[in-house]
Amino acid sequence: MSSSIKDLFIEEFLNNNLNPNDEVFTRFVNFSEFLIKENTKYNLTSIVDLESILIKHFIDSILGFEQFIALDQSKNQSGINFIDFGTGPGFPSMPILIYDLFSREEKLIKSYSLIEANQKKCKFLNKAIKILDLGKVDINVQVERIENANYTASKSKILLTGRAVSKPEKIFKNLSSFMSKNNLDILEFLYFAGPNNTFQDRYSFSAPKSKKQYLASKSYSKEYTFSKDKYSREIILYQILTN
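Cut-off values and rules
Residues numbered from 1 in each chain as written. Predicted model: local features only at pLDDT ≥ 70, side-chain atom pairs only at ≥ 80, totals over all residues. Heavy atoms only, no water. Pairing = 2+ DSSP bridges. Helix = DSSP H or I, 4+ residues; strand = E, 2+ residues; numbered from the N terminus. Axes fitted to C-alpha atoms, helices over the stretch in contact; angles between N-to-C directions. Contact = heavy atoms within 4.5 Å. pLDDT = per-residue confidence, 0-100. Buried < 20%, exposed > 50% of the residue type's maximum accessible area, 1.4 Å probe, protein only. Phe/Tyr/Trp six-rings, centres within 6.5 Å; stacked < 30°, edge-to-face > 60°. Patch = residues over 30% accessible without salt bridge, like charges linked within 9 Å, V, L, I, M, F, W, Y side chains within 5 Å. Areas by Shrake-Rupley, 256 points an atom, 1.4 Å probe, with all protein chains shown as cover. Salt bridge = Lys/Arg side-chain N within 4 Å of Asp/Glu carboxyl O. Lys, Arg positive; Asp, Glu negative; His and termini not counted. Charge placed at Lys NZ, Arg CZ, Asp CG, Glu CD.

Trainee: Help me get a handle on the sheet that holds strand β1 (residues 80–85), residues and values and all.
Mentor: Spatially, β3-β2-β1-β4-β5-β8-β7-β6 is the arrangement adopted by the eight strands of the open sheet, whose pairing is mixed. If you trace the sheet from one side to the other, it starts and ends with β3 (139–143) and β6 (202–206), each paired once. Neighbour to neighbour, the strand axes of the sheet diverge by 20° on average, direction disregarded. Where helix α6 (residues 168–181) meets the sheet, it contacts β1, β2 (109–116), β4 (158–163), β5 (186–193), β6, β7 (213–226) and β8 (231–242), and its direction lies at approximately 150° from that of β5.

Structure representation (structure tokens):
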């Protein structure tokens, strides 16, 4: 491994007030090299070099979650039950998982549910979890679409994330099916949106196969840039409740 990628790793992490420790770096490299190798078989991602994976996947994913944590520092953020739907080959879920496990003294996330409809991508994720020696972590990888997925972890402090998965109306329709199927009355939804997105402040919707009504209200949003202002992102947090 060349020193240049580690130098870039340290630079990018420090520029974004992230902790560039060796544990995180080692797992970034191991995960990324395995992703590049497996991508030749399964077409997992169009981003296939270490520098781009670092910035467009790792920094982007970790920074979005850290921005969410920083928005309300008075709130006890530990004990999160984390769900990432449409996770693909693990974004934003795997960088968030790695950073939470290996950069903090007190872990914020208690359980991980990674939901992805593509079987080959789920197969990759299960192999990656073994390679990163994460067997003792509560991680459930499920081959399914979010609207049909089963949720078996704790129903308290659920944070669901998505990154560039669909249009707003379709997302909330699918989330209503997921909540109805799993008898969930409340969750928080953190969406990694691009600039000039069309997300509104409130959505009212019903689950297609039940009479349950749901209301999604925007709690807050934040726009920011990273990698020397080359890239921009807006995170949007919704609270979704039965109505």
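That was the structure; now back to the text.
Trainee: I'd like a rundown of the confidence of the model for the protein chain, residues and numbers included.
Mentor: Close inspection of predicted coordinates is inappropriate in any region flagged by low pLDDT. Overall, the predicted model of the protein chain reaches an average pLDDT of 93, with 98% of residues at or above 70. Least confident of the elements in the protein chain is helix α1 (residues 3–15), whose mean pLDDT is 93; most confident is β3, at 98.

Trainee: How would you sum up the environment of N17? Please name residues and give values.
Mentor: Along the polypeptide, N17 turns up in the loop between α1 and α2 (22–42). Classification of N17 by relative accessible area gives exposed; the value is 73%. Along the sequence, N17 and L63 sit 46 residues apart, while their C-alpha atoms lie 9.0 Å from each other.

Trainee: An account of the packing of aromatic side chains is needed here, citing residue identities and associated values.
Mentor: Under the definition given, this model contains 27 aromatic pairs. For the ring pair F172 and F189, a centre distance of 5.9 Å and an interplane angle of 90° mean the geometry is edge-to-face. Note that F172 is positioned in helix α6 and F189 in strand β5, a separation of 17 residues in sequence. On the accessibility criterion, F172 (1% relative accessible area) is buried. Using a relative accessible area of 0% as the deciding quantity, one classes F189 as buried. When the ring of F172 is compared with that of Y203, the centres are 4.5 Å apart and the planes differ by 25°; the resulting orientation is stacked. Note that F172 is positioned in helix α6 and Y203 in strand β6, a separation of 31 residues in sequence. Side by side, F172 and Y203 carry an identical accessibility label, which is buried. An aromatic cluster of three or more residues is present, and its members are F9, F13, F25, F28, F31, F34, F58, F91, Y99 and F124.

Trainee: Requested: an account of unusual backbone geometry, with residues and values cited.
Mentor: Here the residue pair F91 and P92 is connected by a cis peptide bond, since its omega of 10° sits within 30 degrees of zero. Tracing the chain through its elements places P92 in the loop between β1 and α4 (93–103).

Trainee: Can you tell me about the environment of S219, naming the residues and giving the values?
Mentor: Topologically, S219 is positioned in strand β7. Spatially, the C-alpha atoms of S219 and D201 are 8.4 Å apart, while their sequence positions differ by 18 residues.

Trainee: Any details on a positive patch on the surface? Residues and values, ideally.
Mentor: Together, K37, K120, K123 and K127 give the surface a local cluster of positive charge. Here the positive patch gets three residues from one element, more than from any other, and that element is helix α5 (residues 119–131). Mapping K123 onto the fold places it in helix α5. Accessibility expressed as a relative area gives 43% for K123, which makes it partly exposed.

Trainee: Give a detailed account of α4, specifying residues and quantitative values.
Mentor: By the criterion of burial, α4 is predominantly enclosed, with ten of the eleven residues buried. All buried positions along α4 are accounted for by S93, M94, P95, I96, L97, I98, Y99, D100, L101 and S103.

Trainee: Summarise the environment of S113; cite the residues concerned and give the values.
Mentor: Its place among the elements puts S113 in strand β2. Taking the relative accessible area as the measure of exposure, S113 reaches 8% and is therefore buried. When the C-alpha atoms of S113 and T87 are compared, they prove to be 9.8 Å apart, with 26 residues separating the residues in sequence. Excluding residues that lie within four positions of it along the chain, S113 makes contacts with F82, I83, D84, N140 and Y151.

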